[in-house]
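Here is how the chains run, residue by residue.
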Amino acid sequence: MIEKPRVFGAAYSVYVRIVRLTLVEKGVDYDLVPIDIFASDGPPPAYLERHPFGRIPAFEHNGFRLYETGAVTRYADDVFDGPKLQPADVRERTRCNQLMSIADNYAYPTLVWSIYVERISKPAKGATADEATIAAALPKARICLKAMSDIMGTAPWLAGETISLADLYAAPMFDYFLVAPEGREMIRQYDNLAGWWARIAARPSMKETQPIHMD
Ligand SMILES: N[C@@H](CCC(=O)N[C@@H](CS)C(=O)NCC(=O)O)C(=O)O
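Throughout what follows, the structure given in this document is the object of discussion. Predicted model, so just to flag it, every value in this text is computed and none were measured.

**Focus: the pairing of strand S2 (residues 31–34)**
Here strand S1 (residues 6–9) runs beside S2; their pairing, made up of 4 bridges, is parallel. Paired with valine 7 across the bridge in S2 is leucine 32. Where the polypeptide runs from S1 across helix H1 (residues 14–26) and back to S2, its parallel neighbour, the crossover connection is right-handed.

In C-alpha coordinates:
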(Lines give C-alpha, C1' and ligand atoms only; values in the text may rest on other atoms or scores of the structure.)
Protein backbone atom coordinates (compact mmCIF):
# COMPACT_ATOMS: atom_id res chain seq x y z
CA MET A 1 0.00 0.00 0.00
CA ILE A 2 1.32 3.45 -0.85
CA GLU A 3 1.42 5.62 2.25
CA LYS A 4 0.50 9.28 2.14
CA PRO A 5 3.40 11.41 3.36
CA ARG A 6 2.88 12.95 6.76
CA VAL A 7 3.98 16.46 7.69
CA PHE A 8 4.21 17.11 11.42
CA GLY A 9 3.74 20.73 12.40
CA ALA A 10 1.41 23.72 12.40
CA ALA A 11 -0.05 25.84 9.61
CA TYR A 12 1.40 29.06 11.08
CA SER A 13 4.98 27.84 10.56
CA VAL A 14 6.99 29.21 7.65
CA TYR A 15 8.93 25.96 7.32
CA VAL A 16 5.88 23.71 7.54
CA ARG A 17 4.33 25.82 4.80
CA ILE A 18 7.41 25.38 2.58
CA VAL A 19 6.99 21.60 2.76
CA ARG A 20 3.22 21.83 2.20
CA LEU A 21 3.72 24.18 -0.77
CA THR A 22 6.17 21.69 -2.26
CA LEU A 23 3.71 18.80 -1.90
CA VAL A 24 0.80 20.82 -3.29
CA GLU A 25 2.85 22.05 -6.26
CA LYS A 26 3.86 18.41 -6.93
CA GLY A 27 0.19 17.35 -6.70
CA VAL A 28 0.86 15.03 -3.74
CA ASP A 29 -1.81 14.31 -1.15
CA TYR A 30 -0.50 14.40 2.43
CA ASP A 31 -1.64 14.51 6.03
CA LEU A 32 -0.78 17.41 8.32
CA VAL A 33 -0.30 15.99 11.83
CA PRO A 34 -0.69 18.84 14.33
CA ILE A 35 2.35 19.74 16.45
CA ASP A 36 2.31 23.14 18.16
CA ILE A 37 5.95 23.89 18.76
CA PHE A 38 5.11 27.06 20.69
CA ALA A 39 2.58 25.40 23.04
CA SER A 40 3.07 26.59 26.63
CA ASP A 41 4.10 23.12 27.80
CA GLY A 42 6.16 22.49 24.66
CA PRO A 43 5.65 19.83 21.99
CA PRO A 44 4.82 16.26 23.08
CA PRO A 45 8.07 14.68 24.40
CA ALA A 46 7.74 11.84 21.84
CA TYR A 47 8.03 14.43 19.05
CA LEU A 48 11.73 14.79 19.85
CA GLU A 49 12.20 11.26 18.49
CA ARG A 50 11.15 12.67 15.12
CA HIS A 51 13.05 15.93 15.47
CA PRO A 52 15.81 15.97 18.10
CA PHE A 53 16.21 19.75 17.69
CA GLY A 54 12.55 20.33 18.55
CA ARG A 55 11.60 22.29 15.46
CA ILE A 56 8.80 21.86 12.94
CA PRO A 57 8.31 20.33 10.42
CA ALA A 58 9.14 16.67 10.66
CA PHE A 59 8.20 14.34 7.81
CA GLU A 60 7.56 10.65 7.19
CA HIS A 61 6.97 8.74 3.97
CA ASN A 62 6.80 4.94 3.73
CA GLY A 63 8.69 4.58 7.02
CA PHE A 64 11.37 7.08 5.98
CA ARG A 65 11.61 9.72 8.68
CA LEU A 66 13.20 13.03 7.88
CA TYR A 67 13.61 16.56 9.21
CA GLU A 68 15.22 19.76 7.87
CA THR A 69 13.11 21.45 5.24
CA GLY A 70 15.84 21.55 2.58
CA ALA A 71 16.25 17.77 2.82
CA VAL A 72 12.50 17.14 2.93
CA THR A 73 11.67 19.32 -0.08
CA ARG A 74 14.50 17.93 -2.21
CA TYR A 75 13.43 14.38 -1.28
CA ALA A 76 9.81 15.17 -2.18
CA ASP A 77 10.89 16.67 -5.49
CA ASP A 78 13.00 13.59 -6.29
CA VAL A 79 10.55 10.83 -5.32
CA PHE A 80 7.14 12.17 -6.30
CA ASP A 81 5.74 12.67 -9.79
CA GLY A 82 4.72 16.15 -10.81
CA PRO A 83 6.58 19.19 -12.03
CA LYS A 84 10.28 19.29 -11.19
CA LEU A 85 10.99 21.97 -8.60
CA GLN A 86 14.79 21.86 -8.90
CA PRO A 87 15.98 23.29 -12.21
CA ALA A 88 17.73 20.87 -14.58
CA ASP A 89 20.24 23.47 -15.72
CA VAL A 90 23.25 23.31 -13.39
CA ARG A 91 23.59 27.06 -12.94
CA GLU A 92 19.87 27.57 -12.28
CA ARG A 93 19.91 24.62 -9.85
CA THR A 94 22.88 26.13 -8.05
CA ARG A 95 21.12 29.50 -7.87
CA CYS A 96 18.07 27.68 -6.47
CA ASN A 97 20.26 26.15 -3.73
CA GLN A 98 21.89 29.53 -3.09
CA LEU A 99 18.49 31.20 -2.69
CA MET A 100 17.28 28.49 -0.29
CA SER A 101 20.39 29.12 1.80
CA ILE A 102 19.84 32.90 1.70
CA ALA A 103 16.26 32.32 2.85
CA ASP A 104 17.36 30.07 5.74
CA ASN A 105 20.24 32.13 6.99
CA TYR A 106 19.31 35.76 6.30
CA ALA A 107 15.69 36.24 5.20
CA TYR A 108 13.94 34.08 7.81
CA PRO A 109 15.53 35.62 10.92
CA THR A 110 15.37 39.16 9.54
CA LEU A 111 12.09 39.42 7.62
CA VAL A 112 10.05 37.11 9.83
CA TRP A 113 11.48 37.35 13.35
CA SER A 114 13.02 40.80 13.55
CA ILE A 115 10.39 42.61 11.46
CA TYR A 116 7.07 40.67 11.23
CA VAL A 117 7.13 39.26 14.75
CA GLU A 118 8.18 42.60 16.29
CA ARG A 119 5.93 44.88 14.23
CA ILE A 120 2.82 42.69 13.93
CA SER A 121 2.80 39.51 15.97
CA LYS A 122 3.97 40.83 19.36
CA PRO A 123 1.63 43.88 19.41
CA ALA A 124 -1.27 41.59 18.36
CA LYS A 125 -0.60 39.64 21.56
CA GLY A 126 -0.43 42.78 23.68
CA ALA A 127 3.39 43.00 23.85
CA THR A 128 5.45 46.00 22.79
CA ALA A 129 7.43 45.95 19.55
CA ASP A 130 11.16 46.29 20.06
CA GLU A 131 11.87 49.28 17.82
CA ALA A 132 15.64 48.87 18.15
CA THR A 133 15.39 45.32 16.79
CA ILE A 134 13.29 46.53 13.85
CA ALA A 135 15.63 49.44 13.12
CA ALA A 136 18.67 47.16 13.17
CA ALA A 137 16.90 44.64 10.90
CA LEU A 138 15.90 47.08 8.15
CA PRO A 139 19.37 47.41 6.54
CA LYS A 140 19.74 43.63 6.70
CA ALA A 141 16.34 43.22 5.05
CA ARG A 142 17.43 45.60 2.27
CA ILE A 143 20.51 43.43 1.67
CA CYS A 144 18.25 40.34 1.45
CA LEU A 145 15.92 41.94 -1.07
CA LYS A 146 18.73 43.39 -3.18
CA ALA A 147 20.57 40.04 -3.26
CA MET A 148 17.41 38.19 -4.28
CA SER A 149 16.53 40.82 -6.86
CA ASP A 150 20.05 40.68 -8.34
CA ILE A 151 19.97 36.88 -8.59
CA MET A 152 16.48 36.89 -10.11
CA GLY A 153 17.34 39.50 -12.74
CA THR A 154 14.72 39.51 -15.51
CA ALA A 155 13.52 35.92 -15.00
CA PRO A 156 9.88 35.36 -14.00
CA TRP A 157 10.84 33.19 -11.00
CA LEU A 158 13.63 33.59 -8.48
CA ALA A 159 15.89 30.88 -9.94
CA GLY A 160 14.93 31.10 -13.59
CA GLU A 161 12.20 30.30 -16.07
CA THR A 162 10.15 27.90 -13.95
CA ILE A 163 8.89 27.91 -10.39
CA SER A 164 11.33 26.16 -8.06
CA LEU A 165 12.01 25.38 -4.41
CA ALA A 166 13.63 28.82 -4.18
CA ASP A 167 10.23 30.44 -4.73
CA LEU A 168 8.50 28.08 -2.30
CA TYR A 169 11.13 28.89 0.33
CA ALA A 170 10.88 32.64 -0.01
CA ALA A 171 7.10 32.95 -0.41
CA PRO A 172 5.97 32.10 3.16
CA MET A 173 8.67 34.45 4.51
CA PHE A 174 7.49 37.31 2.29
CA ASP A 175 3.86 36.60 3.13
CA TYR A 176 4.63 37.52 6.74
CA PHE A 177 7.14 40.29 5.93
CA LEU A 178 4.63 42.06 3.66
CA VAL A 179 2.07 42.34 6.47
CA ALA A 180 4.47 44.87 8.02
CA PRO A 181 4.34 48.38 6.47
CA GLU A 182 8.15 48.35 6.29
CA GLY A 183 7.98 45.21 4.13
CA ARG A 184 5.40 46.63 1.73
CA GLU A 185 7.41 49.82 1.35
CA MET A 186 10.67 47.91 0.76
CA ILE A 187 9.43 45.51 -1.92
CA ARG A 188 8.10 48.46 -3.96
CA GLN A 189 11.72 49.42 -4.62
CA TYR A 190 12.36 46.17 -6.54
CA ASP A 191 10.12 45.84 -9.61
CA ASN A 192 11.16 42.25 -10.32
CA LEU A 193 10.45 41.12 -6.75
CA ALA A 194 7.11 42.96 -6.72
CA GLY A 195 6.17 41.15 -9.96
CA TRP A 196 7.38 37.86 -8.52
CA TRP A 197 5.27 38.37 -5.41
CA ALA A 198 2.15 39.01 -7.50
CA ARG A 199 2.81 35.76 -9.41
CA ILE A 200 3.58 33.54 -6.43
CA ALA A 201 0.80 34.97 -4.25
CA ALA A 202 -1.73 34.04 -6.94
CA ARG A 203 -0.76 30.33 -6.94
CA PRO A 204 -3.54 28.05 -5.69
CA SER A 205 -0.89 26.38 -3.45
CA MET A 206 -0.42 29.67 -1.59
CA LYS A 207 -4.15 30.03 -1.00
CA GLU A 208 -4.46 26.38 0.08
CA THR A 209 -1.71 26.76 2.70
CA GLN A 210 -2.57 30.30 3.89
CA PRO A 211 -2.12 30.58 7.68
CA ILE A 212 -4.27 32.87 9.77
CA HIS A 213 -2.33 36.12 9.99
CA MET A 214 -1.94 37.77 13.37
CA ASP A 215 -2.87 41.17 11.91
N1 LIG B 1 16.29 24.27 10.05
C2 LIG B 1 14.90 23.95 10.24
C3 LIG B 1 14.17 25.22 10.70
C4 LIG B 1 12.75 24.92 11.13
C5 LIG B 1 12.24 26.01 12.06
O6 LIG B 1 12.99 26.90 12.52
N7 LIG B 1 10.95 25.93 12.37
C8 LIG B 1 10.38 26.88 13.33
C9 LIG B 1 8.94 27.18 12.98
S10 LIG B 1 8.80 28.04 11.44
C11 LIG B 1 10.38 26.24 14.70
O12 LIG B 1 10.15 25.06 14.83
N13 LIG B 1 10.66 27.04 15.74
C14 LIG B 1 10.63 26.57 17.08
C15 LIG B 1 11.74 27.12 17.92
O16 LIG B 1 12.54 27.91 17.40
O17 LIG B 1 11.80 26.74 19.09
C18 LIG B 1 14.31 23.41 8.94
O19 LIG B 1 14.92 23.62 7.89
O20 LIG B 1 13.29 22.72 8.98
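So, next bit.
**A look at the packing of helix H4 (residues 90–124) against helix H5 (residues 131–152)**
Where H4 meets H5, the axes come as close as 9 Å, and the angle between the chain directions of the two elements is 155°. Overall, the two elements H4 and H5 adopt an arrangement that is roughly antiparallel. Seen from above, H4 lies across H5 with left-handed handedness. Between H4 and H5, the contacting residues are Arg95, Gln98, Leu99, Ile102, Tyr106, Ala107, Thr110, Leu111, Ser114, Ile115, Glu118 and Arg119 on the first element and Glu131, Thr133, Ile134, Ala137, Leu138, Lys140, Ala141, Cys144, Leu145, Met148 and Ile151 on the second. Across the contact of H4 with H5, the residue classes tally to 14 nonpolar, 4 polar and 5 charged.

**A short note on the sheet that holds strand S3 (residues 58–61)**
What the 4 strands build is an open sheet, ordered S2-S1-S3-S4; its pairing is mixed. The strands lining the two open edges of the sheet, one partner per strand, are S2 and strand S4 (64–67). Taken over all neighbouring pairs, the strand axes of this sheet differ in orientation by 20° on average, direction set aside. Here 4 bridges tie S3 to S4, and the two strands are oriented antiparallel to one another. Looking at S4, one finds that phenylalanine 59 is bridged to leucine 66. Relative to the sheet, H1 contacts S1, S2 and S3, its axis offset from that of S1 by approximately 160°. Packing of helix H3 (residues 69–79) onto the sheet brings it into contact with S3 and S4, and relative to S4 it is tilted by some 135°.

**Topic: the site of the ligand**
Around the ligand sit Ser13, Val14, Tyr15, Ile37, Phe38, Arg55, Ile56, Pro57, Glu68, Thr69 and Tyr108, and those are all the residues in its vicinity. For the ligand, a nitrogen atom lies 2.8 Å from a polar atom in the side chain of glutamate 68. Alone, the ligand offers 510 Å² of accessible surface; in the complex the protein occludes 81% of this.

**Topic: the packing of aromatic side chains**
Aromatic ring pairs: the centre-centre distance and the angle between the two ring planes describe each pair. Evaluated as defined, the whole model comprises 11 aromatic pairs. By way of ring pairs, the aromatic residues Phe174, Phe177, Trp196 and Trp197 are connected into one cluster.

**A word on the environment of aspartate 167**
Locating aspartate 167 in the fold gives a position in helix H6 (residues 165–177). When the C-alpha atoms of aspartate 167 and tryptophan 157 are compared, they prove to be 6.9 Å apart, with 10 residues separating the residues in sequence. When near neighbours in sequence (up to four residues on either side) are disregarded, aspartate 167 contacts Trp157, Leu158, Thr162, Trp196 and Ile200. One polar contact links aspartate 167 to tryptophan 196, side chain to side chain, over a distance of 2.8 Å.

**Structural notes on the nonpolar core**
Among the nonpolar cores identified, the biggest contains 52 residues, and Leu145, Met173, Phe174 and Trp196 are the most heavily contacted of them. For this core, the secondary structure elements donating two or more residues are H1, H4, H5, H6, helix H7 (181–187) and helix H8 (191–201). With 13 residues, H4 is the single largest residue contributor to this core. For this core, the domains that each give at least three residues are domain 1 (6–79) and domain 2 (90–208). The residues contacting methionine 173, other than those within four sequence positions of it, are Val14, Tyr15, Ile18, Ala103, Ala107, Tyr108 and Val112. Membership of the second largest hydrophobic core comes to 20 residues, among which are Val24, Val28, Ile37 and Ala58.

Rules used in this analysis
Residues numbered from 1 in each chain as written. Predicted model: local features only at pLDDT ≥ 70, side-chain atom pairs only at ≥ 80, totals over all residues. Heavy atoms only, no water. Pairing = 2+ DSSP bridges. Helix = DSSP H or I, 4+ residues; strand = E, 2+ residues; numbered from the N terminus. Right-handed = clockwise from strand over helix to strand, strands pointing away. Axes fitted to C-alpha atoms, helices over the stretch in contact; angles between N-to-C directions. Parallel < 35°, antiparallel > 145°, perpendicular 65-115°, else oblique. Left-handed = near helix turned anticlockwise from the far one by under 90°. Contact = heavy atoms within 4.5 Å. Nonpolar A, V, L, I, M, F, W, Y, C, P; charged D, E, K, R; others polar. Near = heavy atom within 4 Å. Polar contact = N/O pair within 3.5 Å; in protein donor to acceptor, adjacent residues only side chain to side chain. Areas by Shrake-Rupley, 256 points an atom, 1.4 Å probe, with all protein chains shown as cover. Phe/Tyr/Trp six-rings, centres within 6.5 Å; stacked < 30°, edge-to-face > 60°. Core = buried A, V, L, I, M, F, W, Y, C linked by side-chain atoms within 4.5 Å. Buried < 20%, exposed > 50% of the residue type's maximum accessible area, 1.4 Å probe, protein only. Domains from an automatic or database assignment.

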